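Chain by chain, the residues run as shown.
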Amino acid sequence: MKLHEYQSKELLAKYGVPVPGGEVALNGEEAKAIAEKFGGKVVVKAQVLMGGRGKAGGVKLFDDAEAAGTFAGELIGKRLISIQNPDGMIVEKVLVAELIDIAQEFYVSVLLDRNIQKTIVMISAEGGVEIEEVAENHPDAIVKLAVDPKWGLSDYEIREAVIRANIPKPARNQMVSMIKKLVQAYEAADAEMIEINPCALTPDGKLLAADAKVSIDDNSLFRRPEYQSASGDSAEDPIESEANRRGIAYVRLGGEIGIMGNGAGLVMQSIDEIAAAGGKAANFLDVGGGAQADRVQSCMEVILMDPNIKGIFINIFGGITRVDQVALGVLEAFSKMNVTIPVVARIEGTAVEEGRKILAGSQIIPAETVQEAAAKIVELANAA
Ligand code: GDP
Ligand code: MN
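Here's a quick rundown of the structure. Residue numbers run consecutively from 1 along every chain, following the written order of its sequence. Key to labels: chains lettered from A, ligands numbered from 1, both in the order written. Since the coordinates come from a predicted model, pLDDT governs what is reported: local features require at least 70, and pairs of side-chain atoms require 80 or more to be given and counted, while whole-chain, interface and lining totals use all residues. Excluded from the side-chain calculation are hydrogens and water; included are all heavy atoms of the structure.

Quick look at unusual backbone geometry
Along the chain, Asn-197 connects to Pro-198 via a cis peptide bond; the corresponding omega equals 5°. Although it is not a glycine, Gln-117 adopts a positive phi angle of roughly 55°. One non-glycine residue, Ala-351, lies in positive phi territory at about 65°. With respect to the helices, strands and loops of the structure, Ala-351 is situated in the loop between strand 17 (343-349) and helix 13 (352-359). Put simply, DSSP H or I for four residues or longer makes a helix, DSSP E for two residues or longer makes a strand, and each gets a number counted from the N terminus.

Thoughts on helix 1 (residues 5-14)
When a residue's accessible area, from a 1.4 Å probe over protein chains only, is under 20% of the maximum for its type it is buried; when over 50% it is exposed; and in between it is partly exposed. Of all the ten residues making up helix 1, seven are buried; the element is thus mostly covered by neighbouring parts of the structure. Taken from the residues just after helix 1, Gly-16 is the one with a positive phi, measuring 85°.

Some thoughts on empty space enclosed by the protein
Over the atoms, a rolled probe matching the size of one water molecule traces out where space is still vacant. Whether a set of points on the 1 Å grid over the protein atoms alone is a cavity depends on a 1.4 Å probe fitting there but being unable to get out, while an open set qualifies as a pocket with protein on both sides within 12 Å along at least five of seven lines; lining residues are those with an atom within 4 Å of a point. Grid points are joined across faces, edges and corners, and a volume is the space filled by probe spheres set on the points. The tally for this structure, following the rule as stated, stands at one cavity of 30 Å³ or more. The wall of the largest cavity is formed by Ile-314, Val-323, Val-326, Ala-327, Val-330, Ala-345, Ile-347 and Leu-359.

Here we look at the pattern of salt bridges
Each reported salt bridge corresponds to a side-chain nitrogen of Lys or Arg within 4 Å of a carboxyl oxygen of Asp or Glu. With the rule as written, the count across this model stands at 22 salt bridges. Across the pair Glu-5 and Lys-9 runs a salt bridge whose closest N-O atoms are separated by 2.7 Å. With Glu-5 and Lys-9 both in helix 1 and four residues apart, the pair spans about one turn of that helix. Classification of Lys-9 as buried rests on a relative accessible area of 7%. Residue Lys-336 is joined to Glu-332 by a salt bridge in which the shortest nitrogen-to-oxygen separation is 3.5 Å. In this pair, Lys-336 and Glu-332 are both assigned in helix 12 (residues 323-336), four residues apart and thus about one turn of the helix distant. Given the relative accessible area of 55%, Lys-336 is considered exposed. The exposure class assigned to Glu-332 is partly exposed, which follows from its relative accessible area of 37%.

Now the structure itself:
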């Protein structure tokens, strides 16, 4: 799950990473009061889980508390749209942070490199809002350093990488120390990504994390009670948020065929077969093992929240899951919602005969094989 900037900075500060002071405000008055504490010299920053806030108009510098409060009041409730997030996100909170003078902006991040199967640190002296452009046009300006899973990083390795990245002398020691703390925080907090951009050097030579993005591995949330209540809210997609809250493994894929299957492998096969039949899956959804009728119903509701779907493909192989339970759940869900789009089901395995009886005479069209089912639902969806 992605953490907001203010949450990321709170987390990193616990590990000793220097961050500018600041507080969160929910409205203009609160923002003004916080700005006054900093003598009006603040930066007001939209707390939305998307990149490119600065360019989208979500970050503004002030030297006057009144103006900061007015801007915050206008920003809250507004939808911010950026290149990275064309659908945009509504601003609910702002961070009012102490304004720092910035002489130079660097980039530093910690993340997993799946190719080499190690945590890596990325460092660049060309930080700021254009890092994507740097990555594309001057990849040499970004230095990568792999963390040995057994031995971690030695100071000399970090220092060598910091020098290779052209971090200027006055910032080097602080950068080495910051990287050590970031790697510590990354491991201790079950993070999957930490990104500091900009990592700011002030004219008087202090290095601070002026922006911070931390993402926590969802699989660790069971031992992170502090984030559990908010976990649904952090997904960028409203349907994914709702699925999170219901504990359903759902990923929105943008196509027109809703998919429900049991087991990640079967769901992925369904997605592939839909593609092979010339369609595009609207989602990944795994109902999980041993699903009962009420869970199936809940999953169906989530699938149907996507306004773009033109058909539903149900692909169940009953093992621990009983196919008749799935059939009951689907019909129960459909009885409550007026489903007018075509639905094709390929069901097989435990209690399949009972399942087929339950579905007989319903609007659900049976299919024998996965390929046949995929071809049928794509054809029906296109015809509709
Ligand atoms: P992003 O656009 O979502 O990455 O938001 P950032 O927090 O990175 O802010 C965008 C830009 O605003 C930064 O690259 C800085 O140039 C500028 N900025 C942010 N905070 C400060 C600050 O405290 N002082 C100054 N001078 N500039 C800031
Ligand atoms: Mn940034």
